[in-house]
Amino acid sequence: MAVLPIRIMGDPVLHSPASVVEEVTDEVRALIADMFETMDAAPGVGLAAPQVGIPLRLYTYSYVDDDDRPWRGVLINPVLWMAPLEPGDPDPDLESEGCLSFPGERFPLRRSERVLVSGTDLDGADVRIEVDGWRARIMQHEFDHLDGILYVDRLSDGDWKTVQKIARKRGWGRAGVSWTPGIDDLEG
Ligand code: ZN
(Lines give C-alpha, C1' and ligand atoms only; values in the text may rest on other atoms or scores of the structure.)
Protein backbone atom coordinates (compact mmCIF):
# COMPACT_ATOMS: atom_id res chain seq x y z
CA MET A 1 0.00 0.00 0.00
CA ALA A 2 1.08 3.55 -0.58
CA VAL A 3 0.07 7.11 0.10
CA LEU A 4 -0.71 8.65 -3.30
CA PRO A 5 -0.19 12.26 -4.42
CA ILE A 6 -3.46 14.21 -4.41
CA ARG A 7 -4.16 16.39 -7.45
CA ILE A 8 -4.94 20.04 -6.83
CA MET A 9 -7.60 22.19 -8.50
CA GLY A 10 -6.72 22.92 -12.12
CA ASP A 11 -5.62 19.41 -13.02
CA PRO A 12 -7.85 18.26 -15.90
CA VAL A 13 -8.66 14.92 -14.22
CA LEU A 14 -10.52 16.86 -11.50
CA HIS A 15 -12.63 18.76 -14.00
CA SER A 16 -13.82 15.94 -16.28
CA PRO A 17 -16.49 13.28 -15.68
CA ALA A 18 -15.01 9.93 -14.60
CA SER A 19 -15.72 6.58 -16.31
CA VAL A 20 -17.82 3.70 -15.05
CA VAL A 21 -15.86 0.90 -13.35
CA GLU A 22 -16.51 -2.06 -15.67
CA GLU A 23 -14.86 -4.68 -13.48
CA VAL A 24 -13.27 -4.75 -10.03
CA THR A 25 -9.83 -6.02 -10.99
CA ASP A 26 -6.83 -6.53 -8.70
CA GLU A 27 -5.66 -3.14 -9.93
CA VAL A 28 -8.88 -1.50 -8.74
CA ARG A 29 -8.57 -3.28 -5.36
CA ALA A 30 -5.01 -2.02 -4.98
CA LEU A 31 -6.13 1.50 -5.92
CA ILE A 32 -8.86 1.44 -3.26
CA ALA A 33 -6.43 0.18 -0.58
CA ASP A 34 -4.08 3.05 -1.48
CA MET A 35 -6.98 5.51 -1.43
CA PHE A 36 -7.95 4.49 2.12
CA GLU A 37 -4.34 4.95 3.20
CA THR A 38 -4.09 8.32 1.44
CA MET A 39 -7.42 9.54 2.87
CA ASP A 40 -6.37 8.58 6.41
CA ALA A 41 -2.94 10.16 6.03
CA ALA A 42 -4.28 13.46 4.65
CA PRO A 43 -6.44 13.31 6.83
CA GLY A 44 -9.77 13.56 5.04
CA VAL A 45 -13.34 12.27 5.36
CA GLY A 46 -13.53 11.25 1.73
CA LEU A 47 -11.43 10.71 -1.38
CA ALA A 48 -12.56 10.18 -4.96
CA ALA A 49 -10.45 8.32 -7.53
CA PRO A 50 -10.01 11.39 -9.81
CA GLN A 51 -8.28 13.13 -6.89
CA VAL A 52 -5.43 10.62 -7.17
CA GLY A 53 -5.41 10.93 -10.96
CA ILE A 54 -7.60 7.93 -11.81
CA PRO A 55 -10.75 8.85 -13.79
CA LEU A 56 -13.00 6.11 -12.38
CA ARG A 57 -16.37 6.37 -10.66
CA LEU A 58 -15.49 5.30 -7.13
CA TYR A 59 -14.78 6.96 -3.81
CA THR A 60 -13.85 6.11 -0.24
CA TYR A 61 -15.25 7.79 2.87
CA SER A 62 -14.52 7.70 6.57
CA TYR A 63 -16.20 9.66 9.30
CA VAL A 64 -16.50 9.37 13.08
CA ASP A 65 -19.48 11.13 14.61
CA ASP A 66 -19.78 12.81 18.00
CA ASP A 67 -20.61 9.45 19.59
CA ASP A 68 -17.36 7.94 18.25
CA ARG A 69 -19.27 5.70 15.88
CA PRO A 70 -17.03 4.98 12.89
CA TRP A 71 -18.57 5.00 9.42
CA ARG A 72 -16.32 3.93 6.58
CA GLY A 73 -16.45 2.33 3.18
CA VAL A 74 -16.09 2.48 -0.57
CA LEU A 75 -18.73 3.11 -3.22
CA ILE A 76 -18.26 1.95 -6.80
CA ASN A 77 -20.42 3.37 -9.61
CA PRO A 78 -22.66 5.26 -7.18
CA VAL A 79 -26.01 6.81 -8.03
CA LEU A 80 -27.15 9.65 -5.78
CA TRP A 81 -30.59 11.04 -4.98
CA MET A 82 -30.94 14.05 -2.75
CA ALA A 83 -33.71 15.92 -0.98
CA PRO A 84 -34.32 19.43 -2.34
CA LEU A 85 -32.05 22.14 -0.95
CA GLU A 86 -33.41 24.29 1.86
CA PRO A 87 -33.50 27.87 0.56
CA GLY A 88 -31.19 30.47 2.08
CA ASP A 89 -27.53 31.22 2.60
CA PRO A 90 -25.23 28.68 4.27
CA ASP A 91 -24.15 29.28 7.88
CA PRO A 92 -20.33 29.71 7.80
CA ASP A 93 -19.97 27.98 11.20
CA LEU A 94 -22.17 24.98 10.50
CA GLU A 95 -22.09 24.55 6.74
CA SER A 96 -18.47 25.04 5.70
CA GLU A 97 -16.58 22.29 3.95
CA GLY A 98 -13.11 21.69 2.58
CA CYS A 99 -11.50 19.52 -0.08
CA LEU A 100 -8.16 17.73 -0.28
CA SER A 101 -7.91 19.06 -3.86
CA PHE A 102 -8.07 22.63 -2.54
CA PRO A 103 -6.20 21.94 0.69
CA GLY A 104 -6.11 24.00 3.84
CA GLU A 105 -9.21 26.08 3.07
CA ARG A 106 -12.90 25.92 3.97
CA PHE A 107 -15.87 27.76 2.52
CA PRO A 108 -19.60 27.75 3.31
CA LEU A 109 -21.84 25.81 0.97
CA ARG A 110 -25.48 24.82 1.28
CA ARG A 111 -25.98 21.09 0.69
CA SER A 112 -29.00 18.85 0.73
CA GLU A 113 -29.80 17.56 4.22
CA ARG A 114 -30.61 14.03 3.10
CA VAL A 115 -29.35 11.68 0.41
CA LEU A 116 -29.77 8.12 -0.76
CA VAL A 117 -26.75 6.59 -2.48
CA SER A 118 -26.65 3.21 -4.13
CA GLY A 119 -23.73 1.44 -5.76
CA THR A 120 -21.60 -1.62 -5.20
CA ASP A 121 -18.75 -2.56 -2.89
CA LEU A 122 -15.45 -4.28 -3.63
CA ASP A 123 -17.14 -7.68 -3.91
CA GLY A 124 -19.82 -6.48 -6.29
CA ALA A 125 -22.49 -6.55 -3.58
CA ASP A 126 -25.18 -3.87 -3.67
CA VAL A 127 -24.70 -0.99 -1.25
CA ARG A 128 -27.51 1.34 -0.26
CA ILE A 129 -26.80 4.24 2.06
CA GLU A 130 -29.42 6.61 3.40
CA VAL A 131 -27.88 9.38 5.50
CA ASP A 132 -28.42 12.95 6.62
CA GLY A 133 -26.40 15.85 7.99
CA TRP A 134 -22.64 15.71 7.66
CA ARG A 135 -22.69 12.23 6.14
CA ALA A 136 -25.05 13.49 3.43
CA ARG A 137 -22.63 16.36 2.78
CA ILE A 138 -19.71 13.94 2.37
CA MET A 139 -21.70 11.84 -0.11
CA GLN A 140 -22.63 14.89 -2.22
CA HIS A 141 -19.07 16.24 -2.16
CA GLU A 142 -17.48 12.94 -3.24
CA PHE A 143 -20.17 12.22 -5.82
CA ASP A 144 -19.54 15.64 -7.37
CA HIS A 145 -15.88 14.66 -7.90
CA LEU A 146 -17.02 11.83 -10.19
CA ASP A 147 -18.77 14.39 -12.39
CA GLY A 148 -15.75 16.68 -12.51
CA ILE A 149 -17.21 19.19 -10.04
CA LEU A 150 -15.24 20.64 -7.12
CA TYR A 151 -17.07 22.23 -4.21
CA VAL A 152 -15.31 25.50 -5.00
CA ASP A 153 -17.22 25.49 -8.33
CA ARG A 154 -20.44 25.77 -6.30
CA LEU A 155 -19.48 28.71 -4.06
CA SER A 156 -20.89 32.22 -4.06
CA ASP A 157 -19.32 34.72 -6.50
CA GLY A 158 -17.40 36.40 -3.68
CA ASP A 159 -15.92 33.16 -2.35
CA TRP A 160 -15.16 32.01 -5.91
CA LYS A 161 -13.07 35.16 -6.39
CA THR A 162 -11.22 34.41 -3.15
CA VAL A 163 -10.59 30.88 -4.41
CA GLN A 164 -9.09 32.25 -7.63
CA LYS A 165 -6.87 34.60 -5.65
CA ILE A 166 -5.59 31.80 -3.41
CA ALA A 167 -5.01 29.54 -6.42
CA ARG A 168 -3.01 32.24 -8.23
CA LYS A 169 -0.88 32.93 -5.17
CA ARG A 170 -0.03 29.26 -4.65
CA GLY A 171 0.51 28.35 -8.29
CA TRP A 172 -2.60 26.16 -8.39
CA GLY A 173 -5.27 26.20 -11.09
CA ARG A 174 -3.10 24.46 -13.70
CA ALA A 175 -2.35 20.88 -14.74
CA GLY A 176 0.05 18.65 -12.84
CA VAL A 177 0.02 20.19 -9.37
CA SER A 178 -0.33 17.76 -6.47
CA TRP A 179 0.55 17.33 -2.82
CA THR A 180 1.41 14.22 -0.83
CA PRO A 181 0.11 13.69 2.72
CA GLY A 182 2.96 13.09 5.14
CA ILE A 183 5.36 15.02 2.91
CA ASP A 184 3.70 18.33 2.12
CA ASP A 185 1.18 18.60 4.97
CA LEU A 186 -1.16 21.11 3.39
CA GLU A 187 -4.18 19.90 5.34
CA GLY A 188 -4.02 19.89 9.05
ZN1 ZN B 1 -13.01 16.99 -2.47
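Thresholds applied
Residues numbered from 1 in each chain as written. Predicted model: local features only at pLDDT ≥ 70, side-chain atom pairs only at ≥ 80, totals over all residues. Heavy atoms only, no water. Helix = DSSP H or I, 4+ residues; strand = E, 2+ residues; numbered from the N terminus. Rg over C-alpha atoms; globule rule 2.2 N^0.38 Å. Buried < 20%, exposed > 50% of the residue type's maximum accessible area, 1.4 Å probe, protein only. Polar contact = N/O pair within 3.5 Å; in protein donor to acceptor, adjacent residues only side chain to side chain. Contact = heavy atoms within 4.5 Å. Pairing = 2+ DSSP bridges. Axes fitted to C-alpha atoms, helices over the stretch in contact; angles between N-to-C directions. Donors = N, O, S within 2.8 Å, 3.2 Å for Na, K, Ca; no water. Phe/Tyr/Trp six-rings, centres within 6.5 Å; stacked < 30°, edge-to-face > 60°. Lys NZ or Arg CZ within 6 Å of the ring centre and 35° of its normal.

Visitor: Before we move on, could you go through the overall build of the chain and cite the residues and values that matter?
Guide: Check the secondary structure of the chain and you find three helices and nine strands. Mapped in sequence order, the helices and strands of the chain form the string β-α-β-β-β-β-β-β-β-α-α-β. Its C-alpha atoms give the chain a radius of gyration of 16 Å, within 12% of the compact-globule value 16 Å for 188 residues. Reported as C-alpha extents along the three principal axes, the dimensions of the chain are approximately 45 × 35 × 30 Å. Each of the 188 residues in the chain was classed as buried or not, and the buried ones make up 48%.

Visitor: For the side chain of Ser 62, give the residues involved together with the corresponding values.
Guide: When you line up the elements, Ser 62 lands in strand 3 (residues 58-64). Within the structure, Ser 62 has its side chain in polar contact with the side chain of Arg 72 (distance 2.8 Å). Discounting residues that sit within four places of it in the chain, Ser 62 has contacts with Met 39, Asp 40, Gly 44, Val 45, Trp 71 and Arg 72.

Visitor: Residue-level account of the sheet that holds strand 2 (residues 46-48), with values.
Guide: Each strand in a sheet pairs with its neighbour through backbone hydrogen bonds, running either in the same direction (parallel) or in the opposite one (antiparallel). Read from one edge to the other, the open sheet built from five strands follows the order 2-3-4-7-8, with strand pairing classed as antiparallel. The sheet terminates laterally at strand 2 and strand 8 (126-132), the two strands that pair on one side only. The sheet shows a mean angle of 40° between the axes of neighbouring strands, taken without regard to direction. The sheet contact formed by strand 4 (residues 70-82) and strand 7 (residues 114-120) spans five bridges and is antiparallel. Residue pairing in the sheet places Leu 80 in a bridge with Val 117 of strand 7. In the packing of helix 1 (residues 26-41) onto the sheet, contacts are made with strand 2, strand 3 and strand 4, and the angle to strand 3 comes to roughly 35°.

Visitor: Talk me through the coordination of the zinc ion; I want residue IDs and the actual numbers.
Guide: Listed as protein donors to the zinc ion are Cys 99 (SG), His 141 (NE2) and His 145 (NE2); their distances from the metal cover 2.0 to 2.3 Å. Sequence spacing among the residues donating to the zinc ion works out to C-x41-H-x3-H. Of the two residues, His 141 and His 145 are both situated in helix 2 (residues 133-146); the distance of four residues between them amounts to about one turn of the helix. No difference in accessibility class separates His 141 from His 145, as the two residues are buried.

Visitor: Tell me about the packing of aromatic side chains, and please be specific about residues and values.
Guide: If you walk through the whole model with that rule in mind, you get two aromatic pairs. Ring centres of Tyr 61 and Trp 71 lie 4.4 Å apart, and the angle between their planes is 45°; on these two criteria the pair is classed as tilted. Of this pair, Tyr 61 sits in strand 3 while Trp 71 sits in strand 4, and the two are ten residues apart along the sequence. The residues Tyr 61 and Trp 71 share a single accessibility class, namely buried. Arg 57 extends its terminal NZ or CZ atom over the ring of Phe 143, reaching a point 5.8 Å from the ring centre. The positively charged end of Arg 135 is found above the aromatic ring belonging to Trp 71, 5.3 Å away from the centroid.

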